[in-house]
Amino acid sequence: MNRQIFRNIFIFASAFILIDQVSKFLLEKYDWLSITANPGIAFGIPIPNIAVVVATLVLIPIIIIVAIKELPIQKTITQFALALILGGALGNLIDRLIH
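Conventions used here
- Residues numbered from 1 in each chain as written.
- Predicted model: local features only at pLDDT ≥ 70, side-chain atom pairs only at ≥ 80, totals over all residues.
- Heavy atoms only, no water.
- Core = buried A, V, L, I, M, F, W, Y, C linked by side-chain atoms within 4.5 Å.
- Buried < 20%, exposed > 50% of the residue type's maximum accessible area, 1.4 Å probe, protein only.
- Helix = DSSP H or I, 4+ residues; strand = E, 2+ residues; numbered from the N terminus.
- Contact = heavy atoms within 4.5 Å.
- Axes fitted to C-alpha atoms, helices over the stretch in contact; angles between N-to-C directions.
- Parallel < 35°, antiparallel > 145°, perpendicular 65-115°, else oblique.
- Left-handed = near helix turned anticlockwise from the far one by under 90°.
- Nonpolar A, V, L, I, M, F, W, Y, C, P; charged D, E, K, R; others polar.
- 1 Å grid on protein atoms, 1.4 Å probe; cavity = no way out; pocket = protein on both sides within 12 Å on 5 of 7 lines; lining within 4 Å.
- Points joined across faces, edges and corners; volume = space filled by probe spheres on them.

A. Geometry of the nonpolar core. Core analysis: the largest hydrophobic core is formed by nine residues, namely Ile5, Ile9, Ala13, Ile64, Ile68, Ile73, Leu82, Ala83 and Leu86. At the level of secondary structure, the elements contributing two or more residues to this core comprise helix 1 (3-30), helix 2 (50-70) and helix 3 (76-98).

B. Structural detail: the environment of Ile65. Here Ile65 is to be found in helix 2. Given the relative accessible area of 26%, Ile65 is considered partly exposed. When the C-alpha atoms of Ile65 and Ile41 are compared, they prove to be 23 Å apart, with 24 residues separating the residues in sequence. Apart from the residues within four sequence positions on either side, Ile65 is in contact with Phe6 and Phe10.

C. Highlighting the environment of Ile98. Along the chain, Ile98 turns up in helix 3. Sequence separation between Ile98 and Ile17 is 81 residues, and the spatial gap between their C-alpha atoms is 14 Å.

D. Structural view of the packing of helix 1 against helix 3. Between helix 1 and helix 3, the shortest axis-to-axis distance is 8 Å and the interhelical angle comes to 45°. With respect to helix 3, the axis of helix 1 lies oblique. For the crossing formed where helix 1 meets helix 3, the hand is right-handed. Each of Ile5, Asn8, Ile9, Phe10, Phe12, Ala13, Phe16, Ile17, Asp20, Gln21 and Lys24 in helix 1 lies in contact with helix 3, whose residues at this interface are Gln79, Phe80, Leu82, Ala83, Leu84, Leu86, Gly87, Leu90, Gly91, Ile94 and Asp95. Of the residues assigned to the contact of helix 1 with helix 3, the class counts are 14 nonpolar, five polar and three charged.

E. Seen up close, the layout of surface pockets. One number sums up the size of the largest pocket: a volume of about 420 Å³. Contributing elements (two or more residues each) for the lining of the largest pocket: helix 1 and helix 3. Split into classes, the residues belonging to the lining of the largest pocket amount to five nonpolar, four polar and four charged.

Here is the structure:
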């Protein structure tokens, strides 16, 4: 695994998390758009147990990190896609823990 690729993916993922959190903060603070809370998971499906959701949100980034280390990821678009997924999963975990 190329350290540069690994570093790039985490820089992009961190940027996505930062953009996600800052945009949510600004939307709440300045009331630019109305925010609708989703009490469930995807498409409002009820959460049977929050621990299962949090465990899944912790497991997804771990799987992605292992995949990044083990698979030959040379294409920039693949790195970018993995960074989006990783950033989204970690951003969702942050949202679940904070809100």
